[in-house]
Amino acid sequence: MAIQTHYRACNLCEAICGLEITYRTDAGRNEVISIAGDKNDPFSRGHVCPKAVALKDIYEDPNRLKHPLKRIVAPDGTIDWQPIGWEQALAEVADRLKEIRAAHGPNAIGFYAGNPSVHNSGTFLSAPGFVKALGTRAVFSASSVDQFPHHFAAWQLFGHPLLLPIPDIDHTDYWLIIGGNPIASNGSIMTAPDVANRLRAIQQRGGRVVVIDPRRTETAHRASEHHFIRPGTDVFLLLAMVQTLFADQLVRLGRLAGVIDGLETLQTAVAGFTPEAVASQTGLDPVVIRRLAHELAQTGRAVCYGRVGVSVQAFGGLCLWLINVINLLTGHLDEPGGMLFTSPAIDILGRAQPYTKYDRFRSRVSGRPEFMGELPVACLAEEILTEPERDGDTRIRAMVTSCGNPVLSTPNGGQLDRAFAQLDLMVSVDIFINETTRHAHYILPPATGLETAHYDLTFHGLAIRNTTRYSEPLFDKAPDARYDWAIFEELRLRLETDEYDPATAPAPTDPAHKIDLGLRYGPYGQPATGDEPTTGPARPGLSLQTLLAHPHGIDLGPLRPQLPMRLLTANKRIDVATAPFLADLDRARTVLRQTSQSETGTFQLISRRHLRDNNSWMHNVHRLVKGPNRCTLELNPQDAESLGITTGDRVRVRSRVGVVELPAAVTADMMPGVVSMPHGYGHHRAGVRLAVAQQHAGVSINDLTDETEVDELTGNAALSGVAVTVERVG
Ligand SMILES: Nc1nc2c(c(=O)[nH]1)N[C@H]1C(S)=C(S)[C@@H](COP(=O)(O)OP(=O)(O)OC[C@H]3O[C@@H](n4cnc5c(=O)[nH]c(N)nc54)[C@H](O)[C@@H]3O)O[C@H]1N2
Ligand SMILES: Nc1nc2c(c(=O)[nH]1)N[C@H]1C(S)=C(S)[C@@H](COP(=O)(O)OP(=O)(O)OC[C@H]3O[C@@H](n4cnc5c(=O)[nH]c(N)nc54)[C@H](O)[C@@H]3O)O[C@H]1N2
Ligand code: SF4
Ligand SMILES: [Mo]
C-alpha cells in the first residue's frame, strides 16, 4: 500500500501541536512511518517536541490494554486479570455500583478524573454525565493538585473559574514568569506551541524575560534575568510588588478604571508588606523587588504570569489573586501584550450563569469546602480510610478513576495506595495497569490517541491565539474496542434505569455532533452578513464541515480586549479586594512574622518537569526514558558539601509521611536549602504492568509530599516546599 499522510493535533500536552503523520495500511495492519510537525498548522508552525513520536509507541505498546479486565484473586492470594467482553464488564460494573449506592448512598462512591480527561474530547464530554448519574458528592480531580488557585482567583475577580486570562506573549515586551518552566513543560494555562521561539522573539524585539524560581530552570537559562526565591514565599514577593505600585504611585488603571472596586481596601491591606519586610522570607533583595514592580509598570506591553510553582503551594490562592491584581494595577489586564481573554470557537462559557459552586458541602473528615463540584484530592485517602462519626455519613467504599494515577500524583500517595487496596469496588477507565489501576476490580480501556477523533475544547480556550482545529481518527479502532464516550454514556444509561436492555437502549451520541453544534452556535458560527460591527470576532461561519475541510486548523486571529463585556460577575465590575482574599491575608501575616530560617538540616523539596516526561504515564516509551536517569535529587553544591554528597551518591530523603532513596545530582542550578525531584516516577510497585517503565522505576516524590499541607483558601495541595531531611546512604 502507498504511503499516506494524515494531519492531527498532538493531545499529549497543552501546546496542542499540529502533526504530520505518514503511515501505511497493509493487509489490515496499520503502521506509522513518521511523525513530524505540521508546517501548515497556522498556530504550531511545524513545532513538535520529542514526545510527539510517542503517539506511535502508545499505539503499538504491548502493555496497552485493549479489552476490559476483571481482577481474579486465586485461593493463594495471587492476582490475575481475566479479559471479559464489554457487555459483561459494563453490566457487572453498573450492577455493583448500584448495589453500593443502594446500601450506603451515592456518596459512598468516589470519582477521580486525571489530567488526560481534558486532553480527550470524548471523555471531556461524556464523563460529567456519568458522574451526575452516580449522584455522588465525592468527586475529585487532578485540578486540586494543579490549578484550583487559578480557578478561584478567576471566579473571585472575573466571575467564573473558567474565565482565565492568558499571557499575550507574542505581543509583550516584558514577561515576568513566576513558578513556571515553559521550556520543559511547553506551557500551561497558556497554550503556546513553540514557546522557545516565542520567548526568543520577545528578546529579539528588545524585550525582557524575567524568571523567579528556586531552581535555575531551562527557562531561566534562556531568560534575560533569573532570581531564586524561597519555596512558598511568592505571596510575599507579590504583596511587596503591589505595595510598591501603590507607594510609588505606579498604579495605572487605564480603560478599566471605571469598573474596578476595592482599591483603597487593597492599598490598606498590603501596606505593611514593604520589600524590606519580605526580604528575609523570600530571599530577594528589596532593590530587586522594587525594580521588578517599576519595570512591569513602566513597560507599555508587559505581563506577570505564574504557574504550577505558585499554584501548588500553601498560599496558591493569594498568589494567583495577586498576579491578576498586579496586571490590573499596571494597566496590563485586557490589553495587548498583557493578560487577555480568549474568544474560542466553541465557547464553553457562552451561557454561563453567576457562579455558585463553592462550599455547598464539605469533606466529611477534614471539613474542607467543595469548589467547582469537587473536593480537594488531598482528602481522598482519609475519606476512604475513616469510619463515619456522624449518622448518615459514609466513608468512600467504591472508586471510579478515569485518566488518572493519583497514587503517584497526589500528596502522600503511599497512604492513598493503601486506601485503594481496601475498597469494596474500584473501576478504572484507563489504558494501562499502573500504580493506581492495579487496585481496580475492573479496568475499562478506551480506544485512545491515533484511534480517536479530537477537538481541544479546553486548550483553544487557554491559547495565546484564537485558532480552531478538528482531528479525525487516523486508524479505525479495533471492532471490539470502545470509545471513552461510549463507555461513559453506556454506564450512565445503565445507572439511570433498572431496565437497561442493550438491544433497545439508545446508541450513545458521538461527540462529533456536540462539537458541530458548539461550533455553529459559537462566536464564529454564523456566516458573515457584511453588516456586523467591526469589533468582535470575524464570522467565517464555522461548522464541523468547515474544520474537516481544514485539517491544519484555522487561524481566528490574536486575542483582543473584551472587558468589561466578557466579565461574568453579577454587577459586571471587578472587586480587587473580595472578602476571602482579605481574610486569608491574616494567615500570610502570621507566617511572615515567623522565623524565616528553616531548621538546620532541613531542606525544602520542590518538583520539576523534564521535556521527556509527561506526568506519570509515559515512562513506558523506551525512546523517552533511555539515557541518563532523570529521577534524581538535585541539590546545591554548598549543601552537598556539608552533607558529604557528590553526584551519583545514593541519598535518603525523609519527610513526615515517608522516605525514599535515589541518586543525587549536585548542581548550582538549585537554590541553597532547596532540593528538587521530578514527579510521576515510582513504578516499582508490585502488580504494575509497564515493562519499560518498571526498568526505569525511580521513586515517587508524592511518597514524601504531605496530604495535610493544603492551601487553606482553595483546598489545593501544597506540594511545593515540603520539609525533608537528606542524608547519604551507606
Ligand atoms: N509532587 C508533584 N505532584 C504532582 C505535580 C507536581 O508538579 N508535583 N503535578 C500535578 C499535576 S499539574 C497534574 S495535572 C497531576 C497529574 O496527575 P494524574 O492525572 O493523576 O496523573 P497522570 O500521570 O497524568 O495519569 C494519566 C493517566 O491516564 C491514563 N491515560 C492516558 N491516556 C488515556 C486515555 O486516552 N484515556 C484514558 N481513560 N486514560 C488515559 C494513563 O494510563 C494514566 O493512568 O499530577 C500532579 N502531581
Ligand atoms: N514535559 C512535560 N510537560 C508537561 C508536563 C509534564 O509532566 N512533562 N505536565 C503538564 C502539566 S499537567 C502541567 S500542569 C504543566 C505545568 O507547567 P509548568 O508550571 O510550566 O511546569 P513546571 O515545570 O512544574 O514548573 C513549575 C516551576 O515552579 C518552580 N517552583 C517550585 N516551587 C516554587 C515556588 O515556591 N515558587 C516559585 N516561584 N517557583 C517554584 C519549579 O522549580 C518549576 O520550575 O506542564 C504540562 N506539560
Ligand atoms: S509540545 Fe510535544 S507533547 Fe506537547 S503538544 Fe507539542 S508535540 Fe505534543
Ligand atoms: Mo497539570
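Residues numbered from 1 in each chain as written. Chains lettered and ligands numbered in written order. Predicted model: local features only at pLDDT ≥ 70, side-chain atom pairs only at ≥ 80, totals over all residues. Heavy atoms only, no water.

1. Focus: the overall build of the chain
Part 1 of the reasoning: Broken down by element type, the chain carries 23 helices and 30 strands.
Part 2 of the reasoning: Compactness check: the chain gives a C-alpha radius of gyration of 25 Å against a globular reference of 27 Å for 730 residues, within 12% of the reference.
Part 3 of the reasoning: Along the three orthogonal principal directions, the C-alpha set of the chain runs to about 75 × 70 × 60 Å.
Part 4 of the reasoning: For the chain, the share of sequence-separated contacts (at least 6 apart) that also reach a separation of at least 24 residues comes to 73%.
Part 5 of the reasoning: Working note: accessible area of the chain is about 27,200 Å², and carbon and sulfur atoms make up 50% of it.
Part 6 of the reasoning: Each charge class in the chain was averaged separately, 70 positive and 81 negative side chains, and the resulting centres sit 2 Å apart. (Helix = DSSP H or I, 4+ residues; strand = E, 2+ residues; numbered from the N terminus. Rg over C-alpha atoms; globule rule 2.2 N^0.38 Å. Contact = heavy atoms within 4.5 Å. Areas by Shrake-Rupley, 256 points an atom, 1.4 Å probe, with all protein chains shown as cover. Lys, Arg positive; Asp, Glu negative; His and termini not counted. Charge placed at Lys NZ, Arg CZ, Asp CG, Glu CD.)

2. Looking at the sheet that holds strand S4 (residues 69-73)
Part 1 of the reasoning: On the basis of which strands lie adjacent, the open sheet formed by seven strands has the order S5-S4-S19-S18-S17-S6-S7 and mixed pairing. For this open sheet the edge positions go to strand S5 (79-83) and strand S7 (139-141), each flanked by a neighbour on one side alone.
Part 2 of the reasoning: Sheet analysis places strand S6 (residues 109-113) next to strand S17 (residues 398-402), joined by five bridges and oriented parallel. Bridging from a neighbouring strand, Ala113 pairs with Ser402 of S17. (Pairing = 2+ DSSP bridges.)

3. Here's the deal with the packing of aromatic side chains
Part 1 of the reasoning: A complete count under the given rule lists 18 aromatic pairs for this structure.
Part 2 of the reasoning: Plain terms: the ring middles of Trp155 and Tyr355 are 6.3 Å apart, the flat faces sit at 65 degrees to each other, and that makes the pair edge-to-face. Of this pair, Trp155 sits in helix H4 (residues 148-158) while Tyr355 is found in the loop between strand S14 (339-340) and strand S15 (358-362), placing the two residues 200 residues apart along the sequence.
Part 3 of the reasoning: A centroid spacing of 5.5 Å and a plane angle of 15 degrees characterise the contact between Tyr483 and Trp485, whose relative ring orientation is stacked. Assigned by exposure class, Tyr483 and Trp485 land together as buried.
Part 4 of the reasoning: Through a chain of ring-to-ring contacts, three or more aromatic side chains come together here, namely Phe148, Phe152, Trp155, Trp321, Tyr355, Tyr358, Phe371 and Phe581.
Part 5 of the reasoning: Lys477 extends its terminal NZ or CZ atom over the ring of Tyr483, reaching a point 5.3 Å from the ring centre. (Phe/Tyr/Trp six-rings, centres within 6.5 Å; stacked < 30°, edge-to-face > 60°. Buried < 20%, exposed > 50% of the residue type's maximum accessible area, 1.4 Å probe, protein only. Lys NZ or Arg CZ within 6 Å of the ring centre and 35° of its normal.)

4. Details of the pattern of salt bridges
Part 1 of the reasoning: The tally for this structure, following the rule as stated, stands at 52 salt bridges.
Part 2 of the reasoning: The partner of Glu335 in a salt bridge is Arg255, and the shortest N-O contact between them spans 3.1 Å. Of this pair, Glu335 sits in the loop between helix H13 (316-329) and S14 while Arg255 sits in the loop between helix H8 (234-247) and strand S12 (260-261), and the two are 80 residues apart along the sequence.
Part 3 of the reasoning: Relative accessible area serves as the criterion here: at 45%, Arg255 is assigned to the partly exposed category.
Part 4 of the reasoning: For Glu387, the salt bridge identified is with Arg395, shortest N-O distance 3.3 Å.
Part 5 of the reasoning: Judged by its relative accessible area of 48%, Glu387 falls in the partly exposed class.
Part 6 of the reasoning: Look at Arg395 and you get buried, because its relative accessible area is 13%.
Part 7 of the reasoning: Via salt bridges that share partners, Arg650, Arg652, Arg654, Glu661 and Glu727 belong to a single interconnected network. (Salt bridge = Lys/Arg side-chain N within 4 Å of Asp/Glu carboxyl O.)

5. Quick word on unusual backbone geometry
Part 1 of the reasoning: In this structure, Pro564 follows Leu563 across a cis peptide bond, with omega equal to 0 degrees.
Part 2 of the reasoning: You can see Pro564 is positioned in the loop between strand S23 (554-558) and strand S24 (574-575).
Part 3 of the reasoning: At Arg45, a position not held by glycine, the phi torsion is positive, near 50 degrees.
Part 4 of the reasoning: Using a relative accessible area of 43% as the deciding quantity, one classes Arg45 as partly exposed.
Part 5 of the reasoning: Located in the positive-phi region is Cys403, a residue other than glycine, with phi close to 50 degrees.
Part 6 of the reasoning: Its location among the elements puts Cys403 in the loop between S17 and helix H15 (406-409).

6. Concerning helix H20 (residues 579-593)
Part 1 of the reasoning: Given a rise of 1.5 Å per residue, 15 residues ought to cover 21 Å, and the 22 Å separating the end C-alpha atoms of H20 matches this to within 8%.
Part 2 of the reasoning: Inspection of H20 places Phe581, Asp584, Leu585, Ala588 and Leu592 among the buried residues, and these make up the whole buried set. In an axial view of H20, the angular spread of the buried residues amounts to 130 degrees, which keeps them on one side of the axis. Exposed positions of H20 whose direction lies more than 90 degrees from the buried face are Ala579 and Arg593. (Expected span 1.5 Å × (residues − 1). Arc of directions from axis to C-beta.)

7. Concerning the site of ligand 1
Part 1 of the reasoning: Neighbouring ligand 1 are 29 residues, the closest being Asn115, Asp430, Asn434, Thr448 and Ser616.
Part 2 of the reasoning: The contact in question runs from an oxygen atom of ligand 1 to an N or O atom on the side chain of Tyr112, over 2.7 Å.
Part 3 of the reasoning: Cys403 places a polar main-chain atom, nitrogen or oxygen, 3.3 Å from an oxygen atom of ligand 1.
Part 4 of the reasoning: For ligand 1, the protein covers 98% of the area, taking 920 Å² as the surface of the free molecule.
Part 5 of the reasoning: Residue classes in the shell around ligand 1 are distributed as 13 nonpolar, 13 polar and three charged.
Part 6 of the reasoning: Looking at which domains feed residues into the shell around ligand 1, each of domain 1 (69-146 + 351-443) and domain 3 (598-728) supplies at least three. (Near = heavy atom within 4 Å. Polar contact = N/O pair within 3.5 Å; in protein donor to acceptor, adjacent residues only side chain to side chain. Nonpolar A, V, L, I, M, F, W, Y, C, P; charged D, E, K, R; others polar. Domains from an automatic or database assignment.)

8. So, the domain arrangement of the chain
Part 1 of the reasoning: The assigned domain composition of the chain is domain 1 (69-146 + 351-443), domain 2 (153-345 + 565-588) and domain 3 (598-728).
Part 2 of the reasoning: Of the residues lining the interface, 28 residues belong to domain 2; the matching set on domain 3 comes to 24 residues.
Part 3 of the reasoning: Buried area between domain 2 and domain 3, both sides added, is near 1,900 Å², and the carbon and sulfur share of it is 58%.
Part 4 of the reasoning: Run the count over domain 2 and domain 3 and you get three salt bridges. (Buried area = accessible area lost by both parts, 1.4 Å probe.)

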